[in-house]
Amino acid sequence: SSSETQYQTIVVTGASGLVGSALKEVIATEPVDSSYGRRTGERWVFLRSSDGDLRDLAQTEAIFEKYKPVAVIHLAALVGGLFNNMKHNLTFMRDNILINDNVLWSAYKHDTKKVISCLSTCVFPDKVEYPLTETKIHSGPPHSSNFGYSHAKRLVDVQNRAYKDEFGCNFTSAIPTNVFGPYDNFDLEDSHVIPGLIHKCYLAKKNGTPFVVSGTGKPLRQFIYSFDLAKLFIWMLREYDSVEPLILSVGEDEELSIKEVADAIVKEVGFTGEYKFDTTKSDGQFRKPASNDKLQSLIGGYKFKPFDEALQHTVKWFIDNYDFART
Ligand code: NDP
């Protein structure tokens, strides 16, 4: 109908995942026309892989033909933990190259005005001067464990620049640090550190067994809550029109040690049994801080949700949704 065609459609790919689920909840709950809300006249469409396999060009084109999005927040990706990445570098590279190429090409062909894709700080060079900043993505080879994923993600930045040069497209990318929150993958073998530890601690409590954290607990990391990240994506959609990637992270002064994270999990889960560190397991890199100076200078001082509150919410979600969570 004619009223339908007046809608401006925003499509979110990969919306059933950790980040996309938070984005969906923010759009559903923030007041219309508020800073992080839907705008009057906007229709948001949240897609999952069953709506179309983005590795396939015809299925991707059909999505753009159907929704004619004015903007796309492109989160869909083949994402995995360390072990999965190490075993499947070719698959991680190929699937992500196909997904990204199909989305950007379809967006260009269907006159989508803006695409924000998603990189990750784990695609940065292995040997690099810290802190990580937006200009250092390509300045050396990525870590060998996930080189497939890393090269595919880095290529998005190259593609964005080429689309701008040749066709004048407004395509850009965000670079989040470690994300956590409800709807994460809580698999014990192949998840990121926070969901993996939450699940382990939950089982230790349930089974009356020790809670064993791999490594010394000393490495430092920056963690961003999925709901903060969702709001920053919405801010980028409204305000950020540069091809240059933008790091979305808490500040360098907000690094947490794995021990601090594990302590907070023990407290939230209410675990009172034996709790120890298995120092025979490797620690990985001691720290790999990323600067959020560019973000904070542009947005004018974003207030992140305090870690303890965000963790409390995540643990509660995991326990309440144990049967349905990805474990
Ligand atoms: P998830 O693994 O939680 O979700 C991935 C999403 O991509 C799902 O919605 C999935 O759909 C969809 N998807 C996967 N393959 C396809 C496909 N072939 N066709 C269509 N859709 C597909 O990922 P996150 O939410 O954690 O990550 C979102 C983005 O953020 C990714 O681009 C990731 O690289 C990036 N990122 C994540 C970080 C993290 O710590 N988690 C850190 C930095 C960046 P379905 O579930 O329906 O199959």
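Just so it is clear, the model here is predicted, and its values are computed rather than measured.

Novice: Give a detailed account of the layout of surface pockets, specifying residues and quantitative values.
Specialist: Empty space within the second largest pocket amounts to approximately 210 Å³. For the second largest pocket, the full set of lining residues is Ala 15, Ser 16, Gly 17, Ser 21, Lys 24, Arg 48, Tyr 183, Asp 184, Trp 317, Phe 324, Ala 325 and Arg 326. Taken together, the residues of the lining of the second largest pocket sort by class into five nonpolar, three polar and four charged.

Novice: Please set out the site of the ligand residue by residue, giving values where relevant.
Specialist: The environment of the ligand is formed by 28 residues, the closest being Ser 16, Ser 49, Tyr 149, Lys 153 and Arg 326. Taking Gly 17, its main chain carries an N or O atom lying 3.3 Å from an oxygen atom of the ligand. Broken down by class, the residue content of the shell around the ligand amounts to 14 nonpolar, nine polar and five charged.

Novice: Got a sec to walk through the sheet that holds strand S1 (residues 8–13)? Specific residues and values, please.
Specialist: Spatially, the six strands line up as an open sheet ordered S2-S1-S3-S4-S5-S10, and their pairing is parallel. Of all strands in the sheet, those with a lone pairing partner are strand S2 (42–46) and strand S10 (246–248), marking the two edges. For this sheet, the mean inter-axis angle between neighbouring strands, taken without regard to orientation, is 20°. Across four bridges, the pairing between strand S3 (residues 71–74) and strand S4 (residues 114–118) is parallel. Each bridged residue has a counterpart across the sheet, and for Ile 73 the counterpart in S4 is Ile 116.

Novice: Let's hear about the pattern of salt bridges: which residues, and what values?
Specialist: In the structure shown here, the tally under the stated rule is 17 salt bridges. One salt bridge connects Glu 42 with Arg 238, and the closest N-O pair in it is separated by 2.7 Å. Note that Glu 42 is positioned in strand S2 and Arg 238 in helix H8 (residues 226–239), a separation of 196 residues in sequence. Assessed through its relative accessible area of 17%, Arg 238 is described here as buried.

Novice: Outline the packing of helix H2 (residues 18–29) against H8, supporting the account with residue identities and numerical values.
Specialist: Their axes nearest at 8 Å, the elements H2 and H8 cross at an angle of 70°. It follows from the interaxial angle that H2 and H8 lie roughly perpendicular. The crossing of H2 and H8 is right-handed. Between H2 and H8, the residues in contact are Leu 18, Val 19, Ala 22, Leu 23, Glu 25, Val 26 and Ile 27 and Ser 226, Phe 227, Leu 229, Ala 230, Lys 231, Phe 233 and Ile 234, respectively. A breakdown of the residues in the contact of H2 with H8 according to their chemical character gives eleven nonpolar, one polar and two charged.

Novice: Give me the pairing of strand S7 (residues 211–214): which residues, what numbers.
Specialist: Burial along S7 is one-sided: the face carrying Phe 211 and Val 213 is buried and the face carrying Val 212 and Ser 214 is not. As judged from the four bridges shared by S7 and strand S12 (residues 275–278), these two strands associate in the parallel manner. Among the inter-strand pairings, Ser 214 is bridged to a residue of S12, identified as Asp 278.

Novice: Hey, could you go over the packing of aromatic side chains for me, with residue numbers and the actual values?
Specialist: Any pair of aromatic rings gets described here by the distance separating the centres and the angle formed by the planes. What the rule picks out here adds up to 24 aromatic pairs. Taken together, a centroid distance of 5.4 Å and an interplanar angle of 55° make the contact between Phe 180 and Phe 307 tilted. One end of the pair, Phe 180, is in strand S6 (residues 178–180); the other, Phe 307, is in helix H11 (residues 307–320), and 127 residues separate them in sequence. Look at Phe 307 and you get buried, because its relative accessible area is 17%. Linked through ring pairs, Tyr 183, Phe 186, Tyr 202, Trp 317, Phe 318, Tyr 322 and Phe 324 together constitute an aromatic cluster.

Cut-off values and rules
Residues numbered from 1 in each chain as written. Predicted model: local features only at pLDDT ≥ 70, side-chain atom pairs only at ≥ 80, totals over all residues. Heavy atoms only, no water. 1 Å grid on protein atoms, 1.4 Å probe; cavity = no way out; pocket = protein on both sides within 12 Å on 5 of 7 lines; lining within 4 Å. Points joined across faces, edges and corners; volume = space filled by probe spheres on them. Nonpolar A, V, L, I, M, F, W, Y, C, P; charged D, E, K, R; others polar. Near = heavy atom within 4 Å. Polar contact = N/O pair within 3.5 Å; in protein donor to acceptor, adjacent residues only side chain to side chain. Pairing = 2+ DSSP bridges. Helix = DSSP H or I, 4+ residues; strand = E, 2+ residues; numbered from the N terminus. Axes fitted to C-alpha atoms, helices over the stretch in contact; angles between N-to-C directions. Salt bridge = Lys/Arg side-chain N within 4 Å of Asp/Glu carboxyl O. Buried < 20%, exposed > 50% of the residue type's maximum accessible area, 1.4 Å probe, protein only. Parallel < 35°, antiparallel > 145°, perpendicular 65-115°, else oblique. Left-handed = near helix turned anticlockwise from the far one by under 90°. Contact = heavy atoms within 4.5 Å. Phe/Tyr/Trp six-rings, centres within 6.5 Å; stacked < 30°, edge-to-face > 60°.

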